[in-house]
Amino acid sequence: MDIRIGNGYDVHALAPGLPMWLGGVRIPSETGFVAHSDGDVAIHALCDALLGCLALGDIGHLFPDTSDEWKGADSKILLAKVVALVHEKGYKVGNVDITIALQKPKLAPHIARMREILAGILGIGEDRVSVKATTTERLGFVGRCEGCEVWATALIRS
């Protein structure tokens, strides 16, 4: 069995009046993510982690923000395409771990739904999808509510 691990990181700025999508869930919020696609920073970091497992570059390489094809794209579709690539290369997703740093709103009420949605796209059990949320104790750009950052780790196996 061949086992590979990858990590991903993404960040998006926040602005008033935009939708906030995280882990495939629309989060009620007065601010949302500035982005070319729907801005789901959690899914973007996860895509990068999966692509990193296979040394296939990053999400911007596959889905460039210069392409009208991906303007406003649902990030769940991007993740499904990355998972299809993982399968095409002869691998399956083993597990993923995602950490979201966002000062507000609180994400705890939405994490179970994120895990359910992501597990469905990844083709694995919810017990193999970890999603954690934290604040930065009002420090840095996250603490000032200027943006969100996400770290993701993925393990794939043949």
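Just so you know, these numbers come straight off a predicted model, no measurement behind them. Starting afresh in each chain, residues are numbered from 1 along the sequence in its written order. Selection of residues for local features in this predicted model requires a pLDDT of at least 70, selection of side-chain atom pairs for listing and counting requires 80 or more, and totals for whole chains, interfaces and linings are taken over all residues. No hydrogens and no water enter the side-chain calculation; it runs on all heavy atoms of the structure.

**Student:** What am I meant to see in helix α3 (residues 75-88) here?
**Tutor:** Residues spaced three or four apart along an α-helix face the same direction, because each turn holds 3.6 residues. Secondary structure follows DSSP: runs of H or I at least 4 residues long count as helices, runs of E at least 2 residues long count as strands, and numbering of each begins at the N terminus. Every helix has an expected span of 1.5 Å times one less than the residues it contains. Across its 14 residues, α3 extends 20 Å between first and last C-alpha, which sits within 8% of the 20 Å expected from 1.5 Å per residue. Buried, partly exposed and exposed residues are distinguished by accessible area as a fraction of the type maximum, computed with a 1.4 Å probe on protein chains only: under 20%, between the cut-offs, and over 50%, respectively. Burial in α3 covers these residues: Ser-75, Leu-78, Leu-79, Val-82, Val-83, Leu-85 and Val-86. When α3 is viewed along its axis, its buried side chains cluster within an angular range of 155° and face the same direction. The contact criterion used is simple: two residues touch if any of their non-hydrogen atoms lie within 4.5 Å. Check the buried side of α3 and you find it contacts α1 (41-53), α2 (59-62), β5 (92-101), α4 (111-122) and β7 (147-157). Any pair of nitrogen or oxygen atoms within 3.5 Å is treated as a polar contact; in protein, a donor-acceptor pairing is required on top of that, and neighbouring residues in sequence qualify only through side-chain atoms on both sides. The residue sitting at the N-terminus of α3 and contributing the capping side-chain oxygen is Asp-74; that oxygen lies 2.8 Å from the backbone nitrogen of Lys-76. Working note: the arc is built from the helix axis to C-beta atom directions.

**Student:** When you look at the pattern of salt bridges in this model, what are you seeing that I'm missing?
**Tutor:** Side chains that differ in sign of charge can pair as their charged atoms come close. Within this document, salt bridges are pairs made up of a side-chain nitrogen of Lys or Arg and a carboxyl oxygen of Asp or Glu, the two lying within 4 Å of each other. One pass over the full model with this rule turns up 5 salt bridges. The residue Asp-74 makes a salt bridge to Lys-76 at a minimum N-O spacing of 3.2 Å. The residue Asp-97 makes a salt bridge to Lys-132 at a minimum N-O spacing of 2.4 Å. In this pair, Asp-97 sits in strand β5 while Lys-132 sits in strand β6 (residues 129-134), placing the two residues 35 residues apart along the sequence. Residue classification places Lys-132 among the partly exposed positions, given a relative accessible area of 35%.

**Student:** Would you mind going over the nonpolar core with me for this structure?
**Tutor:** A general tendency of soluble globular proteins is for nonpolar side chains to be buried together. Among the nonpolar cores identified, the biggest contains 48 residues, and Leu-22, Leu-50, Ile-100 and Leu-122 are the most heavily contacted of them. When residues of this core are traced back to their parent elements, those giving at least two are β2 (20-22), β3 (25-27), α1, α3, β5, α4, β6 and β7. Take this core: its biggest share by element is 10 residues, from α1. The residues contacting Leu-122, other than those within four sequence positions of it, are Leu-46, Leu-50, Leu-79, Val-83, Val-93, Val-96 and Val-129. Put simply, a nonpolar core is a bunch of buried Ala, Val, Leu, Ile, Met, Phe, Trp, Tyr and Cys residues held in one set by side-chain atoms that sit within 4.5 Å of each other.

**Student:** Even after reading the chapter, I still don't get the pairing of β5, so can you show me in this structure?
**Tutor:** In the case of a regular strand, side chains alternate between the two sheet surfaces. Here the rule is simple: two strands pair whenever DSSP picks up at least two bridges between them. Sheet topology places β5 next to β7; 9 bridges connect them, and they run antiparallel. Across the sheet, residue Asp-97 finds its bridge partner in β7, namely Thr-153.

**Student:** In this structure, what is going on with the pairing of β6? I would like to understand it.
**Tutor:** Bridge count for β5 against β6 is 6 bridges, and the pairing is parallel. Its bridge partner lying in β6, Ile-98 is registered against Val-131. A crossover counts as right-handed when, viewed with the strands pointing away from the observer, the path leading from the first strand over the helix to the second turns clockwise. For the handedness criterion, the β-α-β arrangement of β5, α4 and β6 is classed as right-handed.

**Student:** How should I be thinking about the packing of α3 against α4 in this particular structure?
**Tutor:** Two elements in contact, α3 and α4, have axes whose closest approach is 9 Å; the angle formed by their N-to-C orientations is 35°. Each of Lys-76, Leu-79, Ala-80 and Val-83 in α3 lies in contact with α4, whose residues at this interface are Ile-117, Leu-118, Ile-121 and Leu-122. Throughout this entry, Asp, Glu, Lys and Arg are counted as charged residues, while Ala, Val, Leu, Ile, Met, Phe, Trp, Tyr, Cys and Pro are counted as nonpolar. The remaining residues, Gly among them, count as polar. For the contact of α3 with α4, the residue count by class is 7 nonpolar, no polar and 1 charged. Note on geometry: axes are lines fitted to C-alpha atoms, helical ones only across the stretch in contact, with angles between N-to-C directions running from 0 to 180 degrees.

**Student:** Just checking my understanding: could you explain the packing of α1 against α3 for this structure?
**Tutor:** Packed helices, taken two at a time, are described by the angle between their axes plus the distance between the axes. One can describe the packing of α1 onto α3 by two numbers: an axis separation of 10 Å at closest approach and a directional angle of 10°. The orientation of α1 relative to α3 falls into the category roughly parallel. Here Ile-43, His-44, Leu-46, Cys-47, Leu-50 and Leu-51 of α1 lie close against α3, whose contacting residues are Ser-75, Lys-76, Leu-78, Leu-79, Val-82, Val-83, Leu-85 and Val-86. In terms of residue class, the contact of α1 with α3 is built from 11 nonpolar, 2 polar and 1 charged. Throughout, the term roughly parallel applies to angles under 35 degrees, roughly antiparallel to angles over 145, roughly perpendicular to angles from 65 to 115, and oblique to all others.

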